[in-house]
Each structure stands twice: as structure tokens, then as C-alpha cells.
Amino acid sequence: PLMIITQKITTLACQLHDGIGRQAEELTAEQNRLAVKTRPSLLEYLSYLLNFMSIIAGPCSNYKDYIAFIEGRHVHMKLLEVNWKQKGYDRLPDPSPTGAVMYKLCITLVSLILFLTLTKNFPMAYIIDKEFLDKTPFLSRLGYLYVVTQAAKPKYYFAWTLADAVNNAAGYGFSGVDERGTFRWDLLSNLNIWNIETATSFKMYIENWNIQTAAWLKRVCYDRAPWYPTALTFILSALWHGIYPGYYFTFLTGILITLAARAIRNNCRHYFLSSVPLKIAYDVVTWVVTQLAVCYTVAPFVMLAVEPTIKFYKSMYFHMHILSILVLLALPIRPQAHSIRKPQNQVVQNSVKSK
């Protein structure tokens, strides 16, 4: 609960600062859309922070979305973004969250069953057991690392999906209509399991894991950092999680791997897009590397302490750290779009000048 409240306080603080303390032309398009131009009352503030739907496990939502929900405008606002007359409707439809809630409750049930069976049978601590390390070859240890990491995921799938379902059941979380005309209830979704398990890049994995926290980090840190946005965002994430050393091992390792993965993708991916077989081969290889890189990175997050973390990385020969450093030394790093981003009005002015 303290972590979620921290997200909400800083989210509202930044959005209030954008709405009251900055000029509109200084903001990006997203900052302008989310800016809060009127200071909330005490009741609105406490309701946003402490509402029962998200007090335990989140997720954190934007203040304007929450107030629209409280005032009964949330679904209506999203529906007005669609031209319903073209679709043959005489009036606005009334989307029901029942289907989305039932679907998410099924996911929580499966996740709970997997947690109660897999997690106990495949503990993370076994990967640093002396007998296991002495008798198991390196490649087999890598395979087992993937298995124990998979076994550690269901508790997160359970908590985040249940929290999402609670908000949907209350009528909050409607995000509009997709291209097939299906009502979407994923405004507050914290994960996309399919995209996580099939991720072919470190970036894709992170973007689909703890989605609302990633959005919070982007809005309060990455988009506002004057320099080194990737490193500062990972460090903030570690500080936000707490004081266990394992968090810092995970997120500092994540900086290296993210930068290395970005360098490889920018310099090599285009060579594999010329034919379908090459693209399939590229996707298979990057899927394997991504999944193993994530397992290598998050193991300290589960272990928490220094001693087991160092023992684990020694058993893995620090191979991901070494490979990431070699990649960063060998491949040219293209400048990030972030480093040259400009406020919305400046982008418009430059495009007018160029014309």
C-alpha cells in the first residue's frame, strides 16, 4: 500500500505541476493531456489515494481518469471517441464489464493453482544449492533457471489480475473500443501475459510487465530526466521497491542489459527483415536470449540478499554482465529519441519552418 500511495502522490504532484506551474507550450502531448489544472479538494485527494479498489495492490491510475470515474463520466468519455452512427447505432452503447471480470477471475484462479503447485516444487533457492551446482552442467542450470523463474511469476499474475478485475467490477478501467468493435477493459491492466511469455526483446518484456508502474516511471522520471533517462529510471525503480540489496542488483543489471539489447536491435535487426525464414530465426533466437536475460536479471530480486546473489552470479560466470559490456564497447550506440525530444509547440514550429 505504501508503494502504491507513493506512485499516486508523485503522479498527482507532477500532473499538478504541469497544469499549474508550467506553460502549455512547454509540455509534451501526453503531459498536456494529463495535466491537472485545478488543485483537488481534500476529499478528492484522499479518495484518489485511499479508495478501496486500489489501496492494497493498485494499480495506480491517472488522477483525471479517476475523477472522471467518480463523477460518472469515465465510460461516456471513452465512448464519445467513436463515431457510433457509422457503426449503425442510434445511441451510445452501454458496455458491461462482466465478461472482462469473469475472464480475469479465471486467470487469477489458474495463477493461484500454479502458485500453490509450481512455486513450492521449484524454489529459487535451489539454483544456488551446492549439490546442484556441483552436479549440474552450465546449460542445464540455465534451463532450470528459466523453470524456477516461471514458477515465481504466478503470484504476480494473481495479484495484479485480481486488482484489475476489482476495478473493472466497480465500473472503472474501460479504455474504449478496438478496431474489431470489442469493448476493452484494460485501462488499468498491469500485465499482458501473452506478450510477456513471447517477448523477443528486453524492452517488450518490461513494457508488458507491471505496465502501470512502467507508465508511472516514464511519466515522473524518464520523460523529465535531463540526462541518462534509462539509468535514472532503473535507479528510481530500485529505490521505490525498497532497501533489499537484491533489488539494486536486479535494476543495475537491467540498465546494462537494456542498453546492450537496444544497441543490438538498432545495429542488427534490419539485416534479418529481408526474408521470412531469416525473420523467424531472428525471433526465435531473440526470444531465447530475452527470456534467459530476464531470468538472469530478476533472480536477485527474488533472493533479496547479497550473499545468495553473488553466489548465483558466480555460478553463472557473470556471463550477461560481460556480454552486455562487450556489446556496448563493440557496437555504436545511436542517440535516443528521448535525448532530442522537444515540447509539443516546438515540434510544431520546427515542422512548419521545414515546410
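Residues numbered from 1 in each chain as written. Predicted model: local features only at pLDDT ≥ 70, side-chain atom pairs only at ≥ 80, totals over all residues. Heavy atoms only, no water.

A.B. asks: Sorry, what's going on with the nonpolar core here?
C.D. replies: Looking at soluble globular proteins, one finds that nonpolar side chains tend to be buried together. If you look at the biggest cluster of nonpolar residues, it comprises 27 residues, and the most contacted ones within it are Ile 127, Leu 145, Met 303 and Phe 312. For this core, the elements supplying multiple residues, two or more each, are helix 7 (130-135), helix 8 (138-152), helix 9 (154-169), helix 11 (202-208), helix 15 (276-303) and helix 16 (306-315). For this core, the domains that each give at least three residues are domain 2 (88-182) and domain 3 (191-332). Residues within four places of Phe 312 in sequence aside, it is in contact with Ile 127, Ile 128, Leu 145, Tyr 296, Ala 299 and Met 303. Leu 16, Tyr 48, Leu 49 and Met 53 belong to the second largest nonpolar core, which has 13 residues in total. (Core = buried A, V, L, I, M, F, W, Y, C linked by side-chain atoms within 4.5 Å. Buried < 20%, exposed > 50% of the residue type's maximum accessible area, 1.4 Å probe, protein only. Helix = DSSP H or I, 4+ residues; strand = E, 2+ residues; numbered from the N terminus. Domains from an automatic or database assignment. Contact = heavy atoms within 4.5 Å.)

A.B. asks: Can you help me understand the packing of aromatic side chains in this one?
C.D. replies: How two aromatic rings sit relative to each other is given by the distance of their centres and the angle of their planes. Taken as a whole, this structure holds 27 aromatic pairs when the rule is applied. Each ring, one from Tyr 48 and one from Tyr 63, has its centre 5.4 Å from the other, and the planes form 85 degrees; the classification is edge-to-face. Note that Tyr 48 is positioned in helix 3 (residues 42-50) and Tyr 63 in helix 4 (residues 63-70), a separation of 15 residues in sequence. This pair shows no difference in class: Tyr 48 is buried, exactly as Tyr 63 is. Over the ring of Tyr 48 we find Lys 8, and its NZ or CZ is 5.8 Å from the ring centre. (Phe/Tyr/Trp six-rings, centres within 6.5 Å; stacked < 30°, edge-to-face > 60°. Lys NZ or Arg CZ within 6 Å of the ring centre and 35° of its normal.)

A.B. asks: When you look at the state of the cysteines in this model, what are you seeing that I'm missing?
C.D. replies: Disulfides are covalent bonds that link the sulfur atoms of two cysteine residues. This model, assessed by the stated rule, comprises zero disulfides. A disulfide-free cysteine, Cys 14 has its sulfur positioned 9.6 Å from the sulfur of Cys 221, the nearest such atom. Taking the relative accessible area as the measure of exposure, Cys 221 reaches 10% and is therefore buried. (Disulfide = S-S within 2.5 Å.)

A.B. asks: Please explain the UniProt feature "transmembrane region" (unreviewed entry) in the protein as it appears in this structure.
C.D. replies: UniProt marks residues 100-118, 247-264, 284-304 and 316-333 with the feature "transmembrane region" (unreviewed entry), using the numbering shown here. The straight-line gap between the two end C-alpha atoms of residues 100-118 is 26 Å; of that span, 100% is helix and 0% is strand. The straight-line gap between the two end C-alpha atoms of residues 247-264 is 26 Å; of that span, 100% is helix and 0% is strand. (UniProt positions renumbered as here; feature names shortened; annotations may be inferred.)

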